[in-house]
Amino acid sequence: MSNDSLIVAIDGPAGAGKSTVAQMVASKLGYVYLDTGAMYRAVTYLVLQRGVDPSNHQAVTSVAKEADIVLKSNAGNAKPTVILNGENITDKIRTREISNLVSPLSAIASVRDVLVKQQRKLATGGSVVLDGRDIGTVVLPNADVKIFLTASVEERARRRLKDLEKQGEKANLQELMVEIEARDTRDSTRDVAPLKVADGGVVVNTDDLTIEQVVDRILEICSQRACHSE
Ligand code: DC
């Protein structure tokens, strides 16, 4: 299969499996994986660390500008390492506190401006898989492949529960379903870059598919696009 320098955008709601799938697709294609959610999480971490008032948009934007975020891919399926201003924060950005605060912070237009610019720069040249909420709609609307990955709220809450339990955090399914629904509503109704299917995007519902099946489906779409771009 020819897969020269494609830009693959994978958007979708929280817990749809985007990061696992995006990482596997990148690894199969020999591409770089860019977890844009980790960038918003890193800014949120720094806001909390500095004790900045999240409702002060100007202050939060200054924090975003000062955040030197480096994402390093890891071999296999391990999550990418996230370095913020020289500190490894990989395991510190997946807490419930950050998951709940990142959504309102990522709705601030000036914060998005800062990160979107960086994401476009990182994707220059292609051979990259990015996952997020607005990759196919705003960040890279000319991406070669645009996927909208989704799953039911219950299925997504179940997956989140497993992840949190692995990290030793307590949670229950009902509570997580309420949190996920609230996050979906915020992410899809915000004024800037709301979560929605991109023009030309392919919706993939993962409820009844294994991860491998989802990855294969996306690779098949990449292969078709690569042929068309030859
Ligand atoms: O994918 P994630 O759960 O790590 O994303 C964290 C938050 O960041 C999520 O609430 C939405 C936001 N986000 C965004 O607004 N745009 C992106 N491209 C990626 C994430």
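Residues numbered from 1 in each chain as written. Predicted model: local features only at pLDDT ≥ 70, side-chain atom pairs only at ≥ 80, totals over all residues. Heavy atoms only, no water.

Peer 1: Lay out the site of the ligand with the relevant residues and their values.
Peer 2: Not every one of the 16 residues close to the ligand is listed here, only the nearest: Arg-41, Arg-112, Arg-133, Asp-134 and Arg-190. A distance of 3.0 Å separates an oxygen atom of the ligand from a polar side-chain atom of Arg-183. Between Arg-190 and the ligand, the recorded distance is 2.9 Å, taken from a side-chain N or O atom to an oxygen atom. In isolation the ligand exposes 450 Å². Once the protein is present, 96% of that is buried. Only α2 (36-50), α4 (96-106) and α8 (173-189) provide two or more residues apiece to the shell around the ligand. Among the elements that take part in the shell around the ligand, α2 stands out by supplying four residues, more than any other. (Near = heavy atom within 4 Å. Polar contact = N/O pair within 3.5 Å; in protein donor to acceptor, adjacent residues only side chain to side chain. Areas by Shrake-Rupley, 256 points an atom, 1.4 Å probe, with all protein chains shown as cover. Helix = DSSP H or I, 4+ residues; strand = E, 2+ residues; numbered from the N terminus.)

Peer 1: Residue-level account of the sheet that holds strand β2 (residues 32-35), with values.
Peer 2: Taken in spatial order, the five strands of this open sheet run β2-β6-β1-β7-β8, and their pairing is parallel. Both outer strands of the open sheet, β2 and β8 (202-205), are each paired with one neighbouring strand and no more. Taking the axes of each pair of neighbouring strands and ignoring which way they run, one obtains an average angle of 20° across the sheet. Inspection of the sheet shows β2 paired to strand β6 (residues 128-132) by four bridges, in the parallel sense. By the bridge assignment, Asp-35 is partnered in β6 with Asp-131. Set on the sheet, α2 makes contact with β2 and β6; between it and β2 the angle comes to about 40°. (Pairing = 2+ DSSP bridges. Axes fitted to C-alpha atoms, helices over the stretch in contact; angles between N-to-C directions. Contact = heavy atoms within 4.5 Å.)

Peer 1: Explain the pattern of salt bridges to me, and be specific about the residues and the numbers.
Peer 2: Scanning the model with the defined rule gives 13 salt bridges in all. Between Arg-96 and Glu-179 there is a salt bridge; the shortest N-O distance is 2.6 Å. With a gap of 83 residues between them, Arg-96 in helix α4 and Glu-179 in helix α8 connect regions that are remote in the sequence. For Glu-179, a relative accessible area of 23% corresponds to the partly exposed category. Across the salt bridge formed by Arg-217 and Glu-220, the nearest N and O atoms sit 4.0 Å from each other. Of this pair, Arg-217 and Glu-220 are both found in helix α9 (residues 211-228), three residues apart, which corresponds to roughly one turn of the helix. With relative accessibility at 35%, the residue Arg-217 sits in the partly exposed group. (Salt bridge = Lys/Arg side-chain N within 4 Å of Asp/Glu carboxyl O. Buried < 20%, exposed > 50% of the residue type's maximum accessible area, 1.4 Å probe, protein only.)

Peer 1: Summarise α4; cite the residues concerned and give the values.
Peer 2: Counting buried residues in α4 gives eight out of 11 residues, a clear majority hidden from the surface. Restricting attention to buried positions, one finds in α4 the residues Arg-96, Ile-98, Ser-99, Leu-101, Val-102, Ser-103, Leu-105 and Ser-106. Among the structural elements, α2, α3 (57-66), α5 (109-123), α7 (153-166) and α8 are those in contact with the buried residues of α4.

Peer 1: Which residues make up the nonpolar core, and what are the values?
Peer 2: Within the largest apolar cluster, 37 residues are counted, with the highest numbers of intra-cluster contacts made by Ile-69, Leu-84, Leu-130 and Leu-140. Contributions of two or more residues to this core are made by β1 (7-11), α2, α3, β4 (81-84), α4, α5, β6 and α6 (135-139). Ranked by residue count, the leading element in this core is α2, at eight residues. With near-sequence residues (within four places) excluded, Ile-69 lies in contact with Met-39, Ala-42, Val-43, Val-82, Ile-83, Leu-84 and Leu-115. (Core = buried A, V, L, I, M, F, W, Y, C linked by side-chain atoms within 4.5 Å.)

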